[in-house]
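Fold and contact review
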Amino acid sequence: MKTKFAALAISAAVAAIGSTAAFAQAKEQFFPVLSYRTGAYAPNGIPFANGYVDYLKLVNARDGGINGVKITFEECETGYATDKGVECYERLKGKGPTGAAVLHTLSTGITYAVTDKTFADKIPIITAGYGRADSVDGTVFGYNFPLGGTYWDAADMLVQHIGKKEGGLDKLKGKKIALVYHDSPYGKEPIALLEERKKMHGYDLLLLPVTHPGVEQKATWLQIRQQRPDYVFLWGWGVMNSTSIKEAVSTGYPREKMYGVWWSGAEPDVTPAGEGAKGYSSLVFLAPAGQGAVHKDVIKYVYDKGQGTGKKEDIGEVLYNRGLTAALLSVEGVRKAHLKYGKKPLKGEEVRWGLENLAIDDAAIKKLGFAGFMTPVSTSCVNHSGEAQATIHIWDGKKWNVQPGVLHADNSILKPMIRSSAEKYATEKKVTKRDCAKEAG
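Within any chain, residue numbers begin from 1 and follow the written order of that chain's sequence. Since the coordinates come from a predicted model, pLDDT governs what is reported: local features require at least 70, and pairs of side-chain atoms require 80 or more to be given and counted, while whole-chain, interface and lining totals use all residues. Only heavy atoms go into the side-chain values, all of them from the structure, while hydrogens and water stay out.

**Concerning the side chain of Ser244**
Convention followed: A run of DSSP states H or I qualifies as a helix once it reaches four residues; a run of E qualifies as a strand once it reaches two. Both are numbered from the N-terminal end. For every residue, the accessible area (1.4 Å probe, protein chains only) is compared with the maximum for its type, and the residue is labelled buried under 20%, exposed over 50%, or partly exposed between those bounds. Any two residues whose heavy atoms approach within 4.5 Å are treated as being in contact.
With respect to the helices and strands, Ser244 occurs in helix α9 (residues 239-251). Residue classification places Ser244 among the buried residues on the basis of a relative accessible area of 0%. Sequence-distant contacts of Ser244, defined by excluding residues within four places in its chain, comprise Val180, Gln217, Trp221, Leu234 and Met258.

Take a look at the structure:
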């Protein structure tokens, strides 16, 4: 009899433990983390990944998760390779009690490769400041979110900026702009906008692709020496960026005439060139370098507890801050969706609603501790990006200095381009466009 009661007691205890474990699992939201800490792009990929993961840890440690729902995550190394990125997507998309909530592809090539899959998998992908420019159109690209801006936005801002420096966009007629770009979907994205602006303003456009990983650029800069462009736009990543700046030094091309996209303006891009990088400028969006309230919390709740992902002294670098901001966008998408679906683990399709209804204004940014490190984001079913804005920062040899003035893309040019490209995609892929008014009703 004692044996029977003991067996029943053990059985009940096991059942209790099982139910507790099931409950704990049921209160978890899984975030896949695609990263690249190895290979040619590691110097740029590591700080971003550290910032992203640190913010997820912070939300758990400081807040107990998102409205009480703990965040779980798993990193998957892509090496910035499209095929590995697709493998990571497939391996992680079904994990957790509800599957992947949302993921950042961290590569335009991976974005192109998984976009078609998102329609069936119903998993939103955030491509903050990268990805497909036409995916702003949420009626066609239902699960792509290029939050904060696209490469068409970036290219448009740079053309406007140099136009202003010249005394007006009409003064660009006869000028020569060279685009030194990573020969990949990422590097090719701005070309359509630059070609469109070329028709409008009459400048010459010199397209100079650089083969992965970008360490060999002698031929590229020989052309720049021969062609003598008035401006160089740098669309690089990883070691390609610092190599370009070094080549500019050896070629004698003025760094003051070089402007990088926002992925070509971080510490790893300029420090290898030493004093030669002084005067180089790039766009900066969402998060410049520096520290604020959120960084103090990261140090207090994560690093001081021995849970930091990287080195404490690297907190506040450009790409670290961008990783923090990217994670915030993921978390706030889930938090917003809780308003409609309840404070529980959500499916990707439910998180999509949250990402389509983001309203992160200046007051919310301050409350979240990101004042000075993020610009407002407001989205809708139709517009999956929100209003893009950026600034210029200049490297003085020791630090980045953000310049006054905010740049905005010209939507009168971009919207027709987005609409045309999205319609073409919908036709080719036989995508039924969403009726956002009907969904809202």
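Back to the text.
**So, helix α12 (residues 318-341)**
Just so we agree on the cut-off: Under the convention used throughout, the expected extent of a helix is 1.5 Å for every residue step, that is, one less than its residue count.
With 24 residues, α12 should cover 34 Å at 1.5 Å per step; its first-to-last C-alpha distance of 35 Å lies within 8% of that length. Downstream of α12 by a residue or two, Gly342 has a phi angle that is positive, lying close to 100°.

**With respect to the pattern of salt bridges**
Going by this rule: One side-chain nitrogen of Lys or Arg within 4 Å of one carboxyl oxygen of Asp or Glu is enough to make a salt bridge.
In this structure the tally under the stated criterion is 24 salt bridges. The closest approach of N and O atoms between Arg91 and Glu74, which form a salt bridge, is 3.1 Å. Highlighted residues: Arg91 in helix α3 (residues 82-92) and Glu74 in strand β2 (residues 70-77), separated in sequence by 17 residues. With relative accessibility at 23%, the residue Glu74 sits in the partly exposed group. Residues participating in the shared-partner salt-bridge network are Glu90, Lys93, Lys117 and Asp121.

**A closer look at the state of the cysteines**
Put simply, the rule reads: For this text, the term disulfide refers to a pair of cysteine sulfurs within 2.5 Å.
On inspection of all chains with the given rule, the structure shows two disulfides. Between Cys76 and Cys88 runs a disulfide, and the two sulfur atoms are separated by 2.1 Å. With the S-S dihedral at roughly -75°, the linkage between Cys76 and Cys88 falls on the left-handed side. In this pair, Cys76 sits in strand β2 while Cys88 sits in helix α3, placing the two residues 12 residues apart along the sequence. As far as the burial class goes, Cys76 and Cys88 line up, both buried. Ordering the disulfide-forming cysteines of the chain by sequence position, one finds them joined as 1-2, 3-4.

**Regarding the pairing of strand β1 (residues 28-35)**
Rules: Pairing between strands is defined by DSSP: at least two bridges between them are needed. A clockwise path from the first strand over the helix to the second, with the strands pointing away from the viewer, defines a right-handed crossover.
β1 sits mainly inside the fold: seven of its eight residues count as buried. Bridge analysis of β1 against β2 gives eight bridges, and the strand direction is parallel. Bridging from a neighbouring strand, Gln29 pairs with Ile71 of β2. Since β1 and β2 lie parallel, the crossover through helix α2 (residues 42-63) that links them has a hand, and here it is right-handed.

**Topic: the sheet that holds strand β4 (residues 125-126)**
In space, the three strands of this open sheet follow the order β3-β4-β5, with parallel pairing throughout. The outermost strands of the open sheet, each flanked by one partner alone, are β3 (103-104) and β5 (144-145). In the sheet, β4 pairs with β5 via two bridges, with the strands oriented parallel. Its bridge partner lying in β5, Ile126 is registered against Phe145.

**Describing the packing of α12 against helix α13 (residues 348-355)**
Rule in force here: The axes are straight lines fitted to the C-alpha atoms, using for helices just the contacting stretch, and the angles between their N-to-C directions are given from 0 to 180°. Should an angle fall under 35 degrees it is called roughly parallel, over 145 degrees roughly antiparallel, and 65 to 115 degrees roughly perpendicular, with every other angle called oblique. Throughout this entry, Asp, Glu, Lys and Arg are counted as charged residues, while Ala, Val, Leu, Ile, Met, Phe, Trp, Tyr, Cys and Pro are counted as nonpolar. The remaining residues, Gly among them, count as polar.
Direction vectors running N to C along α12 and α13 enclose 100°, while the axes themselves pass 7 Å from each other. The angle between α12 and α13 places the two elements in the roughly perpendicular class. Counting all contacts with α12, which are made through Leu329, Gly333, Val334, Lys336, Ala337, Lys340 and Tyr341, the residues of α13 involved are Glu350, Val351, Trp353, Gly354 and Leu355. Taken together, the residues of the contact of α12 with α13 break down into seven nonpolar, two polar and three charged.

**Some words on the packing of aromatic side chains**
The test is simple: Aromatic rings from Phe, Tyr and Trp, with only the six-membered ring used for Trp, were paired whenever their centres fell within 6.5 Å, and each pair was classed as stacked if the ring planes differed by under 30 degrees, edge-to-face if by over 60, and tilted otherwise. Sitting over a ring, as applied to charges here, requires NZ of Lys or CZ of Arg to be within 6 Å of the ring centre and within 35 degrees of the ring normal.
For the coordinates displayed, the defined rule picks out 18 aromatic pairs. A ring pair is formed by Tyr130 and Trp263, whose centres lie 6.0 Å apart and whose planes are at 75°; its orientation type is edge-to-face. On the criterion of sequence distance, the pair formed by Tyr130 in the loop between β4 and β5 and Trp263 in the loop between β9 (258-260) and α10 (267-270) is long-range, its members being 133 residues apart. Take Tyr130 and Trp263: they sit in the same class, and that class is buried. Of the aromatic side chains, those joined through ring pairs into one cluster are Tyr36, Tyr41, Phe48, Tyr80, Tyr130, Trp237, Trp262, Trp263 and Phe285. For the cation-ring pair, Lys257 lies above Tyr231, with the distance from its terminal atom to the ring centre recorded as 4.8 Å.

**Looking at α3**
Note the cut-off: Working definition: the arc comes from the directions between the helix axis and the C-beta atoms, pointing outward to the latter.
Residues Gly85, Val86, Cys88, Tyr89 and Leu92 constitute the buried set of α3. Buried residues in α3, looked at end-on, bunch into an arc of 160°, giving them a common side. Of the exposed residues in α3, those oriented more than 90 degrees away from the buried face are Asp83 and Glu87. Close packing links the buried residues of α3 with β1, β2, β3 and α4 (108-121).

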